[in-house]
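# Residue-level structure breakdown
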Amino acid sequence: IAELDRRHLVHPLASWRGHEKAGPRILASAKGATVTDAQGHTLLDGFAGLWCVNAGYGQDHIIEAATRQLRELPYATGYFGLGSEPAAQLASRLADHAPGDLNHVYFSLGGSDAVDSTIRFARHYWHSKGASERDQFISVAQGYHGSSVVGSGLTALPVFHANFGVPLDWQHKISSHYAYRNPVGQDADAIIEASVAELRAKIAEIGAERVAAFYLEPIQGSGGVLVPPKGWVAAMHAVCKEMDILFVADEVITGFGRTGPMFACGEEGIVPDMMTTAKGLTSGYVPMAAVFLSDHVYETIADGAGAGMVGHGQTYSAHPVSAAVALAALDLYEGGLLDNGVKMGARLMDGLQGLSDHPLVGEVRGRGMLAAVELVTDKAKKTPLPAAAAPATRIFDRAWQNGLIVRAFAQGILGYAPPLCCTADEIDQIVERTRLTLDQTLEDP
Ligand code: PMP
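Residues numbered from 1 in each chain as written. Predicted model: local features only at pLDDT ≥ 70, side-chain atom pairs only at ≥ 80, totals over all residues.

## Considering the overall build of the protein
Counted only if it meets this: Numbered from the N terminus, helices here are DSSP runs of H or I no shorter than four residues, and strands are runs of E no shorter than two. Radius of gyration: C-alpha atoms only; globule rule: 2.2 Å multiplied by the number of residues to the exponent 0.38. Three exposure classes are used, all based on how many other C-beta atoms lie within 10 Å of a residue's own C-beta (placed from the backbone): buried at 20 or more, exposed at 12 or fewer, and partly exposed between those limits.
Along its length, the protein carries 13 helices and 16 strands. The globule rule puts the C-alpha radius of gyration for 445 residues at 22 Å, and the 22 Å found for the protein is close to it. When the backbone C-alpha atoms are referred to their principal axes, the protein occupies close to 65 × 55 × 45 Å. By residue count, 49% of the 445 residues in the protein fall in the buried class.

## Examining the domain arrangement of the protein
This is how it is decided: Domain segmentation is taken from an automatic or database assignment of domains. By the convention adopted here, residues make contact when the C-beta atoms placed from their backbones lie within 7 Å.
As far as domains go, the protein holds domain 1 (2-58 + 336-443) and domain 2 (76-318). One C-alpha centre belongs to domain 1, the other to domain 2; they are set 27 Å apart. In this assembly, 29 residues from domain 1 lie in contact with 18 residues from domain 2.

## A closer look at the sheet that holds strand β9 (residues 274-277)
We count it as follows: Paired strands are those between which DSSP finds at least two bridges. Only the stretch in contact is used when fitting a helix axis, every axis being a line fitted to C-alpha atoms; angles between N-to-C directions are given from 0 to 180 degrees.
An order of β4-β10-β9-β8-β7-β5-β6 is seen for the 7 strands of this open sheet, with the pairing classed as mixed. Two strands in the sheet have a free side with no partner beyond their single neighbour: β4 (104-108) and β6 (171-174). Direction aside, neighbouring strands of the sheet carry axes that sit 20° apart on average. In the sheet, β4 pairs with strand β10 (residues 289-293) via 5 bridges, with the strands oriented antiparallel. Residue Tyr-106 lies in a different strand from β10, and its bridge partner there is Val-291. Set on the sheet, helix α5 (residues 111-128) makes contact with β4, β5 (136-140), β7 (211-216), β8 (246-250), β9 and β10; between it and β10 the angle comes to about 25°.

## Re the site of the ligand
Put simply, the rule is: Being near a molecule or strand means, for a residue, that its backbone-placed C-beta atom lies within 6 Å of it. Gly is placed with the polar residues, together with every amino acid not listed as nonpolar (Ala, Val, Leu, Ile, Met, Phe, Trp, Tyr, Cys and Pro) or charged (Asp, Glu, Lys and Arg).
The immediate surroundings of the ligand are formed by 15 residues, with Gly-110, Gly-111, Ser-112, Gly-146 and Val-252 found nearest. For the shell around the ligand, the element with the highest residue contribution is α5, accounting for 3 residues. Considering only residue class, the shell around the ligand consists of 5 nonpolar, 8 polar and 2 charged.

## Here we look at the pairing of strand β12 (residues 370-378)
For a regular strand, side-chain orientation follows a simple rule: the groups alternate between the two sheet faces. Here strand β11 (residues 361-367) pairs with β12 via 6 bridges, running antiparallel. Directly across from Val-361, in β12, lies its bridge partner Leu-375. Where β11 folds back onto β12 in an antiparallel hairpin, the turn is made up of 2 residues, including Gly-368, whose phi is positive at roughly 60°. Summarising the sheet, β12 and strand β16 (residues 413-416) pair through 4 bridges and their orientation is antiparallel. When the sheet's bridge partners are listed, Glu-374 is paired in β16 with Ile-413. Of the strand pairs in this sheet, β12 and strand β13 (residues 383-384) are connected by 2 bridges, and their pairing is antiparallel.

## A look at the sheet that holds strand β3 (residues 42-45)
Taking strand neighbours across the sheet as the criterion, the 4 strands line up as β1-β2-β3-β14 in an open arrangement whose pairing is mixed. Two strands bound the open sheet, and with one partner strand each, they are β1 (27-31) and β14 (404-405). In the sheet, β3 pairs with β14 via 2 bridges, with the strands oriented parallel. Counterpart to Asp-45 in the pairing with β14 is Ile-405.

## Things to note about the packing of helix α3 (residues 60-72) against helix α11 (residues 320-353)
Packed helix pairs are characterised by how far apart their axes lie and by the angle those axes make with each other. What counts, and what does not: Roughly parallel means an angle under 35 degrees; roughly antiparallel means over 145; roughly perpendicular covers 65 to 115; every other angle is labelled oblique. A clockwise turn of the near helix away from the far one marks a right-handed crossing, whereas an anticlockwise turn of less than a right angle marks a left-handed crossing.
Two numbers describe how α3 lies on α11: the axes approach to 8 Å, and their chain directions differ by 155°. Looking at the two axes, α3 sits roughly antiparallel to α11. Remark: the crossing between α3 and α11 carries right-handed chirality. When α3 is examined against α11, the residues His-61, Ile-62, Ala-65, Ala-66, Arg-68, Gln-69 and Leu-70 are found in contact with a partner set consisting of Pro-320, Val-321, Ala-324, Val-325, Leu-327, Ala-328, Ala-329, Asp-331 and Leu-332. For the contact of α3 with α11, the residue count by class is 12 nonpolar, 2 polar and 2 charged.

## Observations regarding the environment of His-177
Structurally, His-177 can be placed in the loop between β6 and α7 (188-206). The sequence separation of His-177 and Ala-141 amounts to 36 residues, and the corresponding C-alpha distance is 8.6 Å. The contact partners of His-177, leaving out residues within four places of it in the chain, are Asn-182, Ile-191, Ser-195, Leu-226, Pro-228, Pro-229 and Trp-232.

## Some points on the environment of Glu-363
Along the chain, Glu-363 falls in strand β11. By C-beta crowding, Glu-363 is classed as partly exposed, having 18 other C-beta atoms within 10 Å. Separated by 13 residues in sequence, Glu-363 and Val-376 have C-alpha atoms that sit 8.7 Å apart.

## Looking at unusual backbone geometry
The amide bond that connects Val-166 to the next residue, Pro-167, takes the cis arrangement and shows omega of -5°. With a phi angle near 45°, Ala-48 is a residue other than glycine that sits in the positive phi range. You can see Ala-48 is positioned in helix α2 (residues 48-51). Residue classification places Ala-48 among the buried residues on the basis of 28 C-beta atoms within 10 Å. With a phi close to 60°, Phe-256 is a non-glycine residue in the positive phi region. On the secondary structure map, Phe-256 appears in the loop between β8 and α9 (264-268). On the neighbour-count criterion, Phe-256 (30 C-beta atoms within 10 Å) is buried.

## Structural notes on the environment of Glu-209
Considering the arrangement of structural elements, one finds Glu-209 in the loop between α7 and β7. Looking at Glu-209, the number of C-beta atoms within 10 Å reads 12, which means it is exposed. Placed 35 residues apart in sequence, Glu-209 and Asp-244 show a C-alpha to C-alpha distance of 9.0 Å. With near-sequence residues (within four places) excluded, Glu-209 lies in contact with Glu-133 and Arg-134.

Shown next, in the form of structure tokens:
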């Protein structure tokens, strides 16, 4: 199977290529927080797939809901004014959970096309207000907003920009809050002040009357799990409100209990104009994303044809099987998984903080079941691991041998996003296997 995969399957981000012949590692089955490979090696999935299997693997409640829906109605298009029961129920239940007046939901297939949709909704919003010249967008360095051409342009991680002409000329960036390596230091007030000043300056440079929307992740995920200082998100939101700029929260990772509550925005005390979610929505069992629209944004597209939204829609939007899966996942989140995630998230942070004294650990950070350990070769100088992907790959390989899947970002940051169903023992094992992996790395880099 691995040979067939090597010959015919494309893995754009496969770090094993050119490094060693170990990959791809074929997974055969999974249950709870563990996965088992084709050789029968069982591992703790400390990353919940790709930060998505929030409910854990093999949940009968989800599997039964999907099976039932496949039999009853496996497909219904959202075109021609059609719909399905699970999609309508899901939209309504999501609206109940969402902060403020994010009462309307557009379903797409994954986080990237959810982000694309918000660009169209934002452009449309301004068009309907007679301000079509508002066609410029701002996002944050170290941010990730998807792999579509437009989404990867909003993304501010250069590895996603090579050779295809992004960012586009209407996509602008401000610096990240990244406290551990912030030129203004680690003081929260100083970071907030600097970011507010930079956002204002960027808006002034573009021209306030030209800016359509500002994007952020409540916690930056793919940039290395960068947690902003308390109040940073609200400060960015306040600038957008003052300047009448749409504020889009990308909760593709942070949604559905990843940081504790159902959505991270609520914790920040803000209501975005739009919010993108995916991953935990269906717990990764099937693809689906949800874009939440506030009342005032929705009003501008409610009359779709008349307002020029014709052309926006997808074959698999509001897919009834995905909706049935998401409803079942919501049952589990409401029925105790979110609470367990809060408890286990605290345990994970405590455990990882216990590694802070390790010579290779520069910083431990996170919130809820989302955490990172930033590795350095010199703690005082905060010297990052060598920039090449190889050390990260070696750490990933070692953790794998130790029975742990952890994300090893190329810049030497270990990322954690375990399923919310983890037991205390599993959390402790994630920490212990990390410790073992770091000890081995220290001995033989
Ligand atoms: N936004 C954020 C914040 C993400 O983390 C991701 C995926 N990692 C995306 C958008 C894109 O989602 P997808 O890979 O499902 O297209």
